[in-house]
Amino acid sequence: MGKLPEKRLRIADVAIAWDCSHQHVRNLIKRGELPAIRIGSLFRIRPDDVVAYENRVKCQTDQPRPTASQSETVISMPSGGSPGRARDVFRLGQKIGQQQHAR
């Protein structure tokens, strides 16, 4: 008999290791971001694939993000208004809500 492959991980094992939900791991598998094999209704994941995914994610988060001075942020409102106007409308709504609540 040949050598058995390394032990595969269950979705629950990966979820516990990453401190996330089982559904999050299932979503990664469904999107093809985390390779897995399916045996009936069960999924099994190679430890090497988990490490590879972690390394990919780590590389993405290690990229320096531009600071406000390095990039110009333009905020557009769906109505075509300015952010200042939206803030004023929001505050007016809060004030009206407080007045209604006080009655």
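From a predicted model like this one, the values you see are computed outputs, not experimental measurements.

Thresholds applied
Residues numbered from 1 in each chain as written. Predicted model: local features only at pLDDT ≥ 70, side-chain atom pairs only at ≥ 80, totals over all residues. Heavy atoms only, no water. Core = buried A, V, L, I, M, F, W, Y, C linked by side-chain atoms within 4.5 Å. Buried < 20%, exposed > 50% of the residue type's maximum accessible area, 1.4 Å probe, protein only. Helix = DSSP H or I, 4+ residues; strand = E, 2+ residues; numbered from the N terminus. Contact = heavy atoms within 4.5 Å. Patch = residues over 30% accessible without salt bridge, like charges linked within 9 Å, V, L, I, M, F, W, Y side chains within 5 Å. Areas by Shrake-Rupley, 256 points an atom, 1.4 Å probe, with all protein chains shown as cover. Salt bridge = Lys/Arg side-chain N within 4 Å of Asp/Glu carboxyl O.

Listed in full, the 10 residues of the largest apolar core are Ile-11, Val-14, Ala-15, Val-25, Leu-28, Ile-29, Leu-34, Ile-45, Val-50 and Tyr-53. Of all the secondary structure elements, the ones that give two or more residues to this core are helix 1 (11–18), helix 2 (22–30) and helix 3 (47–62). When residues no more than four places from it in sequence are discounted, the contact partners of Ile-29 are Ile-11, Leu-34, Ala-36, Phe-43 and Ile-45.

Together, Ile-37, Ile-39 and Leu-42 give the surface a local cluster of nonpolar side chains, amounting to about 270 Å² of exposed area. Following the sequence through the fold, Leu-42 ends up in strand 2 (residues 42–44).

Turning our eyes to something else, we now look at the pattern of salt bridges. In this structure the tally under the stated criterion is 4 salt bridges. We note a salt bridge from Asp-13 to Arg-10, for which the minimum N-O separation is 2.9 Å. Overall, Asp-13 belongs to the partly exposed group, its relative accessible area being 25%. With relative accessibility at 41%, the residue Arg-10 sits in the partly exposed group. Residues Arg-46 and Asp-49 are paired through a salt bridge, measuring 4.0 Å at the closest nitrogen-oxygen approach.

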